[in-house]
Amino acid sequence: MRDTKQHYAHGALESAILEVLREAGKDPDRLTLDDLAPVDEFHVRGREATKELAAAIGLAEGMRVLDVGCGIGGPSRRLASDYGCRVTGLDLTEEYCRVAEALSVRLNLQDLVSYRTADALVMPFDDSSFDVVWTQHASMNIADKNRLYAEIYRVLKPGGHLALYDVLAGPGGDVYFPVPWARDSSISFLVTEDALLASLERAGFDVVSCLDTTGAGGVWLERAVERFEKNGIPPLSNRVLLGDEFPIMVRNLLRNIKERRMRLVQLVARRAAA
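Residues numbered from 1 in each chain as written. Predicted model: local features only at pLDDT ≥ 70, side-chain atom pairs only at ≥ 80, totals over all residues. Heavy atoms only, no water.

### Some points on the overall build of the chain
Per the secondary structure count, the chain includes 11 helices and seven strands. Scaling as 2.2 N^0.38, a compact globule of 274 residues should have a C-alpha radius of gyration of about 19 Å, and the chain matches this with 18 Å. The dimensions of the chain, computed from C-alpha atoms along their principal axes, are 55 × 45 × 35 Å. In the chain, which comprises 274 residues, the proportion classed as buried is 53%. By sequence separation, contacts in the chain at least 24 residues apart represent 79% of the contacts at least 6 residues apart. Treating the 33 positive side-chain charges of the chain as one cloud and the 40 negative ones as another, the clouds have centres 2 Å apart. (Helix = DSSP H or I, 4+ residues; strand = E, 2+ residues; numbered from the N terminus. Rg over C-alpha atoms; globule rule 2.2 N^0.38 Å. Buried < 20%, exposed > 50% of the residue type's maximum accessible area, 1.4 Å probe, protein only. Contact = heavy atoms within 4.5 Å. Lys, Arg positive; Asp, Glu negative; His and termini not counted. Charge placed at Lys NZ, Arg CZ, Asp CG, Glu CD.)

### Here we look at the nonpolar core
Judged by nonpolar contacts, the single largest core of 62 residues is most densely connected at Ile17 and Trp181. Leaving out residues up to four positions away in the same chain, Ile17 has contacts with Leu36, Val39, Ile72, Val99, Leu103 and Val240. Core analysis: the next-biggest nonpolar cluster, separate from the first, contains 27 residues, Phe125, Phe130, Tyr149 and Phe205 among them. (Core = buried A, V, L, I, M, F, W, Y, C linked by side-chain atoms within 4.5 Å.)

### As for the environment of Arg271
Among the secondary structure elements, Arg271 is positioned in the segment after strand S7 (262-270). A sequence separation of 112 residues divides Arg271 from Gly159, and the C-alpha atoms of the two residues are 5.1 Å apart. Among residues more than four places away in sequence, those in contact with Arg271 are Ser128, Tyr153, Arg154, Leu156, Lys157, Pro158, Gly159, Gly160 and Phe205. Only 3.0 Å separates the side chain of Arg271 from the backbone oxygen of Tyr153, close enough to count as a polar contact. (Polar contact = N/O pair within 3.5 Å; in protein donor to acceptor, adjacent residues only side chain to side chain.)

### Points about the sheet that holds strand S4 (residues 130-136)
What holds strands together in a sheet is hydrogen bonding between their backbones, with the strands either parallel or antiparallel. Judged by pairing direction, the sheet is mixed, and its seven strands sit side by side in the order S3-S2-S1-S4-S5-S7-S6 without closing on themselves. With one partner strand each, in any of the chains shown, strand S3 (113-117) and strand S6 (206-212) form the two edges of the open sheet. Each neighbouring strand pair of the sheet contributes to a mean axis angle of 15°, computed without reference to strand direction. Here three bridges tie strand S1 (residues 64-68) to S4, and the two strands are oriented parallel to one another. Paired with Asp67 across the bridge in S4 is Trp134. Sheet strands in contact with helix H5 (residues 74-83) are S1, strand S2 (86-91), S3 and S4, and its direction is about 155° off that of S3. (Pairing = 2+ DSSP bridges. Axes fitted to C-alpha atoms, helices over the stretch in contact; angles between N-to-C directions.)

### Some thoughts on the packing of aromatic side chains
Ring pairs (aromatic) are described by centroid distance and by the angle formed between their planes. Evaluated as defined, the whole model comprises five aromatic pairs. Measuring from ring centre to ring centre gives 6.3 Å for Tyr8 and Phe42, while their planes differ by 90°; the resulting arrangement is edge-to-face. Within this pair, whereas Tyr8 is found in helix H1 (residues 4-8), its partner Phe42 is found in the loop between helix H3 (33-40) and helix H4 (46-57), the two being separated by 34 residues in sequence. What makes Phe42 partly exposed here is its relative accessible area of 21%. Clustering of aromatic rings is evident, with ring pairs tying together Tyr8, Phe42 and Tyr96. The side chain of Arg255 reaches across the aromatic face of Tyr176, ending 3.5 Å from its centre. (Phe/Tyr/Trp six-rings, centres within 6.5 Å; stacked < 30°, edge-to-face > 60°. Lys NZ or Arg CZ within 6 Å of the ring centre and 35° of its normal.)

### Comments concerning the pattern of salt bridges
Taken as a whole and assessed by the stated rule, the structure comprises 21 salt bridges. Among the ionic pairs, Arg78 bridges to Asp34, the shortest N-O distance being 3.0 Å. Taken together, the residues span a long stretch of sequence, with Arg78 in helix H5 and Asp34 in helix H3 at a distance of 44 residues. Residues Asp212 and Arg263 are paired through a salt bridge, measuring 2.6 Å at the closest nitrogen-oxygen approach. Within this pair, whereas Asp212 is found in strand S6, its partner Arg263 is found in strand S7, the two being separated by 51 residues in sequence. (Salt bridge = Lys/Arg side-chain N within 4 Å of Asp/Glu carboxyl O.)

### Remarks on the packing of H3 against H5
Between H3 and H5, whose axes approach to 10 Å, the crossing angle comes to 155°. Classed by the angle they form, the pair H3 and H5 counts as roughly antiparallel. Seen from above, H3 lies across H5 with left-handed handedness. Two secondary-structure elements touch here, H3 through Leu33, Asp34, Leu36 and Asp40 and H5 through Gly74, Pro75, Arg77, Arg78, Ser81 and Asp82. For the contact of H3 with H5, the per-class residue count stands at three nonpolar, two polar and five charged. (Parallel < 35°, antiparallel > 145°, perpendicular 65-115°, else oblique. Left-handed = near helix turned anticlockwise from the far one by under 90°. Nonpolar A, V, L, I, M, F, W, Y, C, P; charged D, E, K, R; others polar.)

### Regarding helix H9 (residues 214-231)
Residues spaced three or four apart along an α-helix point in a common direction, a consequence of the helix completing one turn every 3.6 residues. The end-to-end C-alpha separation of H9 is 25 Å, in line with the 26 Å expected for 18 residues at 1.5 Å each. All buried positions along H9 are accounted for by Thr214, Gly217, Gly218, Leu221, Ala224, Val225 and Phe228. Looking straight down H9, one finds its buried side chains confined to an arc of 125°; they lie on one side. Facing away from the buried side of H9, by more than 90 degrees, are the exposed residues Arg223, Lys230 and Asn231. Structurally, H9 contributes buried residues whose contacts are with S6, helix H11 (246-258) and S7. Directly after H9, the chain includes Gly232, whose backbone phi takes a positive value near 85°. (Expected span 1.5 Å × (residues − 1). Arc of directions from axis to C-beta.)

Shown next, in the form of structure tokens:
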């Protein structure tokens with residue numbers, strides 16, 4: 001049984017990413033956001049889902065955004081580059097934050113993004129610090145949802161918004177493992193939509209919108225599996241992060257969706273203005 005830090009640990013992640021970038025014909029000294037998207041958008045539907053969530057939240061230049069569970073920084077760099085937001089990424093995995101910093105420097109975005117290694121249940125930020133809290137495929141590793149959303153509410157400014165894209169439990173039973181966030185059930189804590197909404201209400205949030213994107217996610221995963229079976233796993237993919245089990249994880253995601261064991265939801269919630 002692994003804990004969450006062990007699950008995501010790599011040990012030489014930055015050098016591994018640079019190596020596969022070179023194999024893919026990319027120049028590590030002349031990178032673009034799109035060059036990195038196959039590896040740093042670490043969630044179902046990748047860059048497409050990030051853009052949809054950003055459009056739903058109404059971002060503007062100069063907004064302070066906190067990305068909870070930022071991974072190696074793909075969405076944070078996208079928000080900084082496309083919208084001019086000042087983004088702070090938070091992740092439990094120190095190596096992810098270190099690599100996120102290094103990649104951001106390579107894209108010359110270091111003045112707009114920064115990263116902190118910390119627990120999302122005890123965030124190292126003052127009350128009312130951020131205009132937006134952003135989180136994609138992160139809460140699945142966090143058991144105490146009530147505390148998570150209370151902490152997010154605390155660091156949001158009055159009138160600020162939570163932008164969430166997450167994996168939820170479906171009615172079809174327990175998920176098949178391994179999946180990208182867990183190799184077994186010991187670090188997987190999916191909840192139903194009703195439980196999510198109850199935790200948000202308990203924290204004080206008003207839900208603005210809640211969109212089921214499971215169908216789109218299933219289509220995306222089906223196409224990914226077809227490509228893998230036809231052409232193999234490309235070097236520049238989340239396999240760099242997850243290792244040789246990555247193809248099995250993707251197939252299990254698709255199976256879990258087809259059997260209604262998991263759902264995908266895009267949600268926007270608001271902290272009431274003072």
